[in-house]
Amino acid sequence: MTLSINGAQKTVALAPHALLLDTLRSLGLTGTKRGCDMGTCGCCAVQVDGLPVLSCLLLTKEAAGKEISTIEGLGTPNNLAPLQRLFWEVGGSQCGFCTPGFLITADAFLRSNPDPTDQEIREAISGNLCRCTGYTKIIKAIRLSAKERAKE
Amino acid sequence: MILPPFLLHRPTTVDEAVDLAALHQEEGVSFLAGGTDLLPNWKNRLNNQPHLISLQSIPSLHDVESGKIGALATLHSLLGFSPLPQGLREAIEVVASPLIRTTATIGGNLLLDTRCHFFNQSPFWRATVGSCLKAEGPVCRVVPGANSCVATFSSDLAPLLMAMDATLSFVGPQGERSLPLRTFYQQDGIRRMVLKPGEILTTISWHDDPTLLTGYAKLRIREAWDFPLLGVGCAMGLCEGYLSNLSLFLGAVDSIPIEVPTESFLGEPLTDEAIEVIAKSAYARVKPMKNVGLTPSYRKRMVPVFVRRLLMRLRGDH
Amino acid sequence: MTSKEIVGKSTPLVDGAEKVTGEAVYTDDITLPGLLVGRILRSPHEHAQIESIRVVDASNLLGVHAVAVGADAPIRFGVLPMTKDETALAVDKVVYLGDGIAAVAADTEAIALEALSLIKVKTKVLPPVLRMDEALKPLKDGVEKIQPMHSYPGSRFKEVKQSFGDVEEAFRDARSSVKGSFRFQGVTHAPTEPHATIAHWSAQGRLTVWSATQVPHYLQRSLAEVFELPMHKVRVIRPYVGGGFGGKSDPFPHEMVAALLAKKSGRPVKILFDREELFITNHGRHPTKTEMALSADALGNLTALQIDALIDGGAWGSFGVITSYYNGALSMGPYKIPSFDYRGRRVTTNKPPSGAMRGHGAVNSRYALETLLDEIAEDLGMDPCAIRLQNAWQPHSLTPNGLRITSCGIRECIEVVREASGWDERRGNLPFGKGLGIGCGFYISGSALPIHWERMPQSTVHLKVDFDGGVTVHSLAAEIGQGSDTVLAQCVAEGLGVGLNRIRVYTKNSDTSPIDLGSYSSRVTFMAGNAAIRAAEKVAQQIVAGAARLTGQPASGFVLEGEEVIYAPNPTIRLSFVDAVREALFDSGALHGKGHYQAPNLNPDLPRVEILRGKESEKGAVMGGTHKGAAAGLSPSYSMSAYIAEVDVDPETGIVKVPKVWAAHDCGFAINPIAVEGQIEGCVHMGMGQALTESFDYNRGSGRIENANLLDYKIIPSTDAPEVEVFLVESNDPEGPYGAKEAGEGPLLPILPAIGNGIHDAVGIRMRHLPITPDKVLAALDKKR
Ligand SMILES: Cc1cc2nc3c(=O)[nH]c(=O)nc-3n(C[C@H](O)[C@H](O)[C@H](O)COP(=O)(O)OP(=O)(O)OC[C@H]3O[C@@H](n4cnc5c(N)ncnc54)[C@H](O)[C@@H]3O)c2cc1C
Ligand code: SF4
Ligand code: FES
Ligand code: FES
């Protein structure tokens, strides 16, 4: 079966019970992380048709025919998305394990709410767990990204 | 945490789904909506079936119109829908987390399995205590003498939609039927509802009444992820200060939502005294079990507080 | 060098681009040809004798390549050399529910799980010891000692006593004295990355282990011991690590198991924990009961402190000997308290092992001390900030238990948060339900005495500069997200006067990087930072020699700055960094420099070798003082902190919210301010969890954790996290790298008491049991009413 991941078509052979998280990681897209496998950490978040979802609770087959975007599609080290650059610059990423999930969530969120309040940011990322940063600098990175987008 | 193997079916019409379910009924079937309740349970080897019928690809189940919602509508999509009764919005906004609400469905929420510290555990964990009634074991671990399960029903939407007197529509092997949500749940932590085998929940509907005041209040430890430790759903009609309608349901304090009787207050003004009486009667009706977070006595004690606060808020107090 | 170009400037992490793009490779992201999946069969009993293990059915299963049991690797290991009580898998008996019994390596996870289900274990269940009070009593008839190898009787693991000054007299003469019984539930690190390990044996019989670890060197040591190899036959690779907080600072059984399975199968084996296994194997903060008393004279000068701490070690030793001391020793700052009496007892129980967690050993006593200090202030009618200021140590003091305090910015910390929070106007004047509370902290910048008492450096850094102009830094200091790679890069860049983009940091591979003891006890910035500075000095000398040769000027006049080598007496004489490097190495090859760090001898009366060889029992005299356990708590430098928390208590529901925290931390000098802030913010978050929501709950008095998942173990989400305003206080430590000291653990201490004291200010209750859940708040309010 064929999946559309980061704009490219990938053909994969799958067991019916394969979860998207496992499929992505087995394709070498290891930026999507496994933190709990139970919907409680957000490390495995990816976008499906632009919405952030938990890939540990999504059967791969349910994502067929939809556009899947992972952290690898957001930007590369030589061509960072503004949100990635800001997470890096302001310290929104420490150990980095939660970071792909936060970026995926924040990217989708800013598309739907380009000018959020801090409280709205807090709510938007409340399905993502970070044990390192205390969220302060993550919120700041998202806020700054919104401001930058507004200026453009 | 890998899933156990199963066969996945992806029908595109309700009829096809019903047929598939009937076909595999003997072997064992489950329906899949968002999967945010079912998949964690299956990973924990709870309720597993050899056949899983996904309802995702059935377009009609996603339809949303005013007062009538397809069972597969995601909680996230409903937040973008207007008009949405205020109480329903409040209830949806406090379900799980934003990342779960993008896939979690309204139907799945109403059909959510009950929860218990002895049940929602890994197979390893359960093996260390021995199984309980709900997992095909011999006894209830919470109430050792009990011959039925007292697991907690933790849906946030159910108490609110019951207060709104929503109606459920199903399609099953015997055809279509509709049922008031208020009669849907059944006092037992295992069966817990009158869903017939192979039956699909298709829509949730209610009488759209813009004058109806609705609200939801939730007790939880954290403002994200946490299931309710108490949920209060309320629908209220106020006509020049007099109650034309009042229904109140309590969630997460029993195996089904609990109704608080309010008929005697209809036609009366909603005074502080009346609120106090209602809050007290709510208190008297619940007996939370020690099978989810915080102590049962605390959760019970919060019942009148949350009821009073919600009623006052709907009345227009600040 | 006069002005600093690189250190002191907020610097995005040098490995940050990899993290924000998902390119960073964590252990579970690695695959190898032929990689097998390893899984561990865990004990369903708290305490049981293993009578037999039947593995043939599992071995015969198609797709299974190895099955291992305890007897395959029976050598004991453990992070502390004096309490090695762990084995790869249980030998003879299991000591906690979850203890590993057997393990398999298979082609897939599904096969591995099936194989585990085919292993038949016959056990004789032994009576468990689960409660601390029970563990203190002599063993009942027929009850077997959990860890027979430990010398203390019964289920006691360690008992320490320390006494300074006349405590009794002080309490007798006190104008005010308060006491309290405090209870702390266990909490755990819960890094987002679960434990993961891959092991592989090469054809030459060398073992390579990739692991999510904070302590590559201790892992290397333990693997060498367990597999009876010389240490150099073991290579440890530390990929990116998704958080540690102490949770990855022990060499672990699963790391031994992976190596064992790899050895038996002849294939690489990966073990990845599921979330439940992280909870089950724990090593988190000890559940604690603390009895504490504090006294002061009429002027508010503290006169005596008495602590009796009882801590639950669970089944294994881990860092427990140190924890037993830290609960007392680290209470001797930041306040001057002339007399001190401490008893610390750690017991062994049939529960998941406790170990070191951020703020190791100091957090619970700190909560008790800061709470009692508030009560004394209240009793004496003093302001809580004022009493803290009055009793704070001055720089260059020696505590009664021999801790040498050098830099000391505690006063500034208190003053800055007092001012910023509007304390003087607001405290006591807020409406019922709203309050402000203060708490302070004091923590080590690395332990002066290393875990292994030997004459080896605690940190070494190697530099290589070649004619490509790049600077390579090698060290085994473990980057776990705290930003240590960046600190090393900054220190080297500063020392060589070059930009950060020249620096490449390699800290992942034990073959190529010189030993550093690892990321625990808040030691890396201080120790590896100093080593890096020294290494840079060595290389700078060589570069300057090249410049001197090329320009004909004396070497003593050169400085390295802004990518140039400048002759200071006549700055028109200058060379580019690269030209100087090329000149310096053309006849010798790439420049090398190394620096190392060894904590100073903190007791100048004793020759250094003597101290390090000395055993506390034999010699009676080690660093610091001459009392037993004098080395515990000794550090080349101490961080200080003061926080004020704004707290909202709903008196009807008992729900506590913390909207705002003002946090001041004296880190000596912030080499990377953004990273120091990040540590403080993260500490506030984690400490608030322990204060309000996080707790290891055992099911109905058993040794079975009820909430071994991230839904029921309640870490604070973004919606509940406070806004944190950080103030960096820089006291410029005389021995720290560029004046820096620790910022990774100490900042956790103050938040708990700041919240507790804030609750008191809000609604007038003293909370002595953590976590402060709403039901406890209501119970306390009921009692008060
Ligand atoms: C971390 C976490 C936190 C959570 N917190 C909350 C919370 O705070 N409040 C809350 O209410 N819930 C919570 N949930 C539970 C769950 O996410 C929601 O209740 C969600 O709405 C369930 O919907 P779903 O579509 O994912 O259901 P599914 O998992 O797909 O289905 C649930 C059950 O209903 C059956 N089913 C679903 N749809 C149909 C249908 N149309 N016809 C017949 N049978 C059907 C399924 O077979 C299954 O048995 C949480 C879950 C997780 C993982
Ligand atoms: S209430 Fe009793 S029967 Fe039901 S899940 Fe819990 S332990 Fe099992
Ligand atoms: S791994 Fe999916 S939510 Fe944690
Ligand atoms: S940066 Fe480590 S968990 Fe978020």
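Residues numbered from 1 in each chain as written. Chains lettered and ligands numbered in written order. Predicted model: local features only at pLDDT ≥ 70, side-chain atom pairs only at ≥ 80, totals over all residues. Heavy atoms only, no water.

**A few points about the overall build of chain B**
Rule in force here: Under the DSSP-based scheme used, a helix requires at least four consecutive residues in state H or I and a strand at least two consecutive residues in state E, with every element numbered from the N terminus. As a reference, a globule follows 2.2 Å times the number of residues to the power 0.38, and the radius of gyration itself is taken over C-alpha atoms. Remark: exposure states derive from per-residue accessible area (1.4 Å probe, protein chains only) relative to the maximum for the residue type, with buried under 20%, exposed over 50%, and partly exposed in between. Contact criterion: two residues are considered in contact whenever any of their non-hydrogen atoms come within 4.5 Å of each other.
The helix and strand inventory of chain B stands at ten helices and twelve strands. For chain B, whose C-alpha radius of gyration is 20 Å, the value lies close to the compact-globule estimate of 20 Å for 318 residues. Structurally, chain B occupies a C-alpha span of about 60 × 45 × 35 Å along its principal axes. Of all 318 residues assigned to chain B, the portion counted as buried reaches 60%. Taking the contacts inside chain B whose residues are at least 6 apart along the sequence as the reference set, 62% of them involve residues at least 24 apart.

**Thoughts on the overall build of chain A**
Heads up, the condition is: Counting rule for charge: Lys and Arg are taken as positive, Asp and Glu as negative, and neither His nor the chain ends is counted. Charge positions come from single atoms, namely NZ of Lys, CZ of Arg, CG of Asp or CD of Glu.
Check the secondary structure of chain A and you find five helices and five strands. Seen in sequence order, chain A has helices and strands lined up from the N terminus as β-β-α-β-β-β-α-α-α-α. Radius of gyration (C-alpha) of chain A: 15 Å, near the 15 Å computed for a compact globule of 152 residues. Principal axes of the C-alpha set define a box for chain A whose edges measure 45 × 30 × 25 Å. Counting only residues that meet the buried cut, chain A has 64% of its 152 residues in that class. Sequence separation of at least 24 residues holds for 58% of the intrachain contacts in chain A that already meet a minimum separation of 6. Computed over 16 positive and 14 negative side-chain charges, the inter-centroid distance for chain A is 5 Å.

**Digging into the interface of chain A and chain B**
The condition that has to hold: Put simply, buried area is how much 1.4 Å-probe accessible surface two parts lose in total, over both of them, once they are put together. Just to be clear on terms, a salt bridge is a Lys or Arg side-chain nitrogen sitting within 4 Å of an Asp or Glu carboxyl oxygen.
In this complex, chain A contributes 27 residues to the contact, which on the side of chain B involves 27 residues. Buried surface at the junction of chain A and chain B, both sides included, amounts to about 2,200 Å², of which 68% is carbon and sulfur. Contact with chain B buries surface across chain A, with Met38, Leu57 and Glu62 of chain A losing the most and accounting together for 27% of the total. Counting every contact that joins chain A to chain B gives two salt bridges. Here glutamate 62 of chain A and arginine 10 of chain B are joined by a salt bridge, their closest N and O atoms 3.4 Å apart.

**A look at the site of ligand 1**
For clarity, the threshold we go by: Here, proximity means that at least one heavy atom of the residue falls within 4 Å of the molecule or strand. Side-chain atoms alone can form a polar contact between residues adjacent in sequence; in general such a contact is a pair of N or O atoms within 3.5 Å, and within protein one must be able to donate a hydrogen while the other accepts it. Methods summary: accessible areas were calculated by the Shrake-Rupley approach with a probe of 1.4 Å, and residue burial reflects only the protein chains presented.
Surveying the vicinity of ligand 1 reveals 35 residues, the closest of which are Phe31, Gly34, Gly35, Thr36 and Thr105 of chain B. Near ligand 1, the surrounding residues belong to chains A, B and C. Aspartate 226 of chain B has a polar backbone atom sitting 3.0 Å from an oxygen atom of ligand 1. If ligand 1 stood free it would expose 960 Å²; the protein chains cover 95% of that surface. For the shell around ligand 1, the secondary-structure elements that each account for two or more residues are helix H6 (106-110) and strand E8 (200-205) of chain B.

**Digging into the interface of chain A and chain C**
Chain A puts 44 residues into the contact, and the matching count from chain C is 50 residues. When chain A packs against chain C, the two sides together hide about 3,600 Å² of surface, and 57% of this comes from carbon and sulfur. Summed over the three residues of chain A that lose the most area to chain C, namely Trp88, Gln94 and Arg131 of chain A, the buried surface amounts to 24% of that side. On the surface where chain A and chain C come into contact, there are 20 residue pairs in polar contact (both at pLDDT 80 or more). Listed by contribution, the elements that provide at least two residues to the side of chain A that touches chain C are helix H2 (82-90), helix H3 (99-112), helix H4 (118-124) and helix H5 (136-151) of chain A. Sorting elements by how many residues they give to the side of chain A that touches chain C places H2 of chain A first, with five residues.

**Observations concerning the side chain of serine 295 of chain C**
All names here are of chain C. Inspection of the secondary structure assignment puts serine 295 in strand E13 (residues 288-296). Of the polar contacts made by the side chain of serine 295, one reaches the side chain of threonine 303; its length is 2.5 Å. Residues contacting serine 295, with those up to four places away along its chain left out, are Ala170, Phe171, Ala174, Ser176, Ser177, Asn301, Leu302, Thr303, Ala304 and Ile376.

**Brief notes about helix H10 (residues 363-380) of chain C**
Inclusion rule: Residue count minus one, scaled by 1.5 Å, sets the expected span of a helix.
Here H10 of chain C is 18 residues long and its end C-alpha atoms lie 26 Å apart, about the 26 Å a rise of 1.5 Å per residue gives. One or two steps after H10 of chain C, the chain reaches glycine 381 of chain C, where phi turns positive at roughly 70°.

**Some details on the site of ligand 2**
Using the following cut-off: For this scheme, ten residues count as nonpolar: Ala, Val, Leu, Ile, Met, Phe, Trp, Tyr, Cys and Pro. Four count as charged, namely Asp, Glu, Lys and Arg, and the remainder, Gly too, count as polar.
If you check the shell around ligand 2, you find Cys116, Phe118, Phe119, Cys132, Leu133, Lys134, Cys140, Arg141, Val142, Cys149, Val150 and Ala151 of chain B and nothing else. For the shell around ligand 2, the residue count by class is ten nonpolar, no polar and two charged.

**Concerning the sheet that holds strand E5 (residues 68-70) of chain B**
All names here are of chain B. This is how the line gets drawn: The criterion for strand pairing is that DSSP finds at least two bridges linking the strands in question.
Across the sheet, five strands lie side by side as E4-E5-E8-E6-E7; this open sheet has antiparallel pairing. Lying at the two open borders of the sheet, with one neighbouring strand each, are strand E4 (64-65) and strand E7 (175-180). With two bridges joining them, E4 and E5 adopt antiparallel strand pairing. Bridge pairing links glutamate 65 to lysine 68 in E5.

**A short note on the side chain of threonine 133 of chain A**
Structurally, threonine 133 of chain A is set in the loop between H4 and H5. Overall, the relative accessible area of 1% leaves threonine 133 of chain A in the buried class. In terms of polar contacts, threonine 133 of chain A uses its side chain to reach the backbone amide nitrogen of tyrosine 135 of chain A, at 2.9 Å. The contacts of threonine 133 of chain A, once residues within four sequence positions are left out, are Gly91, Gly92, Gln94 and Ile138 of chain A together with Gly678, Glu681 and Gly682 of chain C.

**Notes on the domain arrangement of chain A**
Residue and element names in this part refer to chain A. Let me state the cut-off plainly: The domain boundaries here were taken from an automatic or database domain assignment.
Assigned domains within chain A: domain 1 (2-73) and domain 2 (82-151). Each of domain 1 and domain 2 has a C-alpha centre, and the two are 21 Å apart. Summing the contributions of domain 1 and of domain 2, the shared interface buries around 1,100 Å²; its carbon and sulfur component is 63%. Counting across the interface, domain 1 meets domain 2 through zero salt bridges. Top contributing element to the side of domain 1 that touches domain 2 by residue count: strand E3 (residues 45-48), with three residues. Class assignment for the residues of the side of domain 1 that touches domain 2 results in six nonpolar, seven polar and two charged.

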